[in-house]
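Fold and contact review
Next come the chains, spelled out residue by residue.
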Amino acid sequence: MKKIGLLFIVLPFFAQADLSASSYYKCIKDNVSKYSKTNESAESIASASVTSCGSELADVLKSSAPFMNASAEAKSKFIAEMKSKGKEAGIKYAMDEKLKSN
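Here we summarise the structure given alongside this text. Every value quoted in this text rests on a predicted model; they were computed, and no experiment measured them. (Residues numbered from 1 in each chain as written. Predicted model: local features only at pLDDT ≥ 70, side-chain atom pairs only at ≥ 80, totals over all residues. Heavy atoms only, no water.)

**Quick look at the side chain of Ser 49**
Mapped onto the secondary structure, Ser 49 falls in helix H3 (residues 42-52). Here Ile 45 takes part through its backbone oxygen, which lies 2.9 Å from a polar atom of the side chain of Ser 49. Excluding anything up to four places from it in sequence, Ser 49 contacts Ile 28, Asn 31, Val 32 and Tyr 35. (Helix = DSSP H or I, 4+ residues; strand = E, 2+ residues; numbered from the N terminus. Polar contact = N/O pair within 3.5 Å; in protein donor to acceptor, adjacent residues only side chain to side chain. Contact = heavy atoms within 4.5 Å.)

Here it is, written out as structure tokens:
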């Protein structure tokens, strides 16, 4: 029952955050473009980009009323999920940049 309740709390985060998360993903893409000029791996570039966009993620989350009213556990899980999705996107962006260079 506890997991079902958490699901009803977390789902609105995804719905609302997806609407405003484009600025977060744009930040990641911009940083990937910058960091791809190094000879680092796509995973390293993605990790650095996600870290660099932490303040952008915070801004996205602050604009989400459901996030602000959620429990600490739900917030933690959602932040981890956003960072994970950001890293996955960052790896793809980095690979795309590497293909452009070749």
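**Considering the nonpolar core**
Residues Tyr 24, Tyr 25, Ile 28, Val 32, Met 82 and Tyr 93 are the most contacted members of the largest nonpolar core, which totals 19 residues. Contributing elements (two or more residues each) for this core: helix H2 (22-35), H3, helix H4 (54-62) and helix H6 (72-101). When sequence neighbours within four positions are dropped, the list of residues in contact with Met 82 reads Ala 21, Tyr 24 and Leu 57. (Core = buried A, V, L, I, M, F, W, Y, C linked by side-chain atoms within 4.5 Å. Buried < 20%, exposed > 50% of the residue type's maximum accessible area, 1.4 Å probe, protein only.)

**So, the state of the cysteines**
Each disulfide consists of a covalent bond between the sulfur atoms of two cysteine residues. Inspection of the entire model under this criterion finds one disulfide. For Cys 27, the disulfide goes to Cys 53, at an S-S distance of 2.1 Å. Residues Cys 27 and Cys 53 share a disulfide whose torsion about the S-S bond is about -95 degrees; that sign makes it left-handed. Taken as a pair, Cys 27 in helix H2 and Cys 53 in the loop between H3 and H4 lie far apart in primary sequence, 26 residues in all. Relative accessible area serves as the criterion here: at 0%, Cys 53 is assigned to the buried category. (Disulfide = S-S within 2.5 Å.)

**Details of the environment of Ser 55**
Looking at the secondary structure, you find Ser 55 in helix H4. With 28 residues separating them along the chain, Ser 55 and Cys 27 place their C-alpha atoms 10.0 Å apart.

**Structural notes on the pattern of salt bridges**
Applying the stated criterion across every chain yields a total of five salt bridges. Here Lys 100 makes a salt bridge to Glu 97, at a shortest N to O gap of 3.2 Å. Separated by three residues within a single helix, Lys 100 and Glu 97 lie in helix H6, roughly one turn from each other. Looking at Lys 100, the relative accessible area reads 64%, which means it is exposed. With a relative accessible area of 17%, Glu 97 lands in the buried category. (Salt bridge = Lys/Arg side-chain N within 4 Å of Asp/Glu carboxyl O.)

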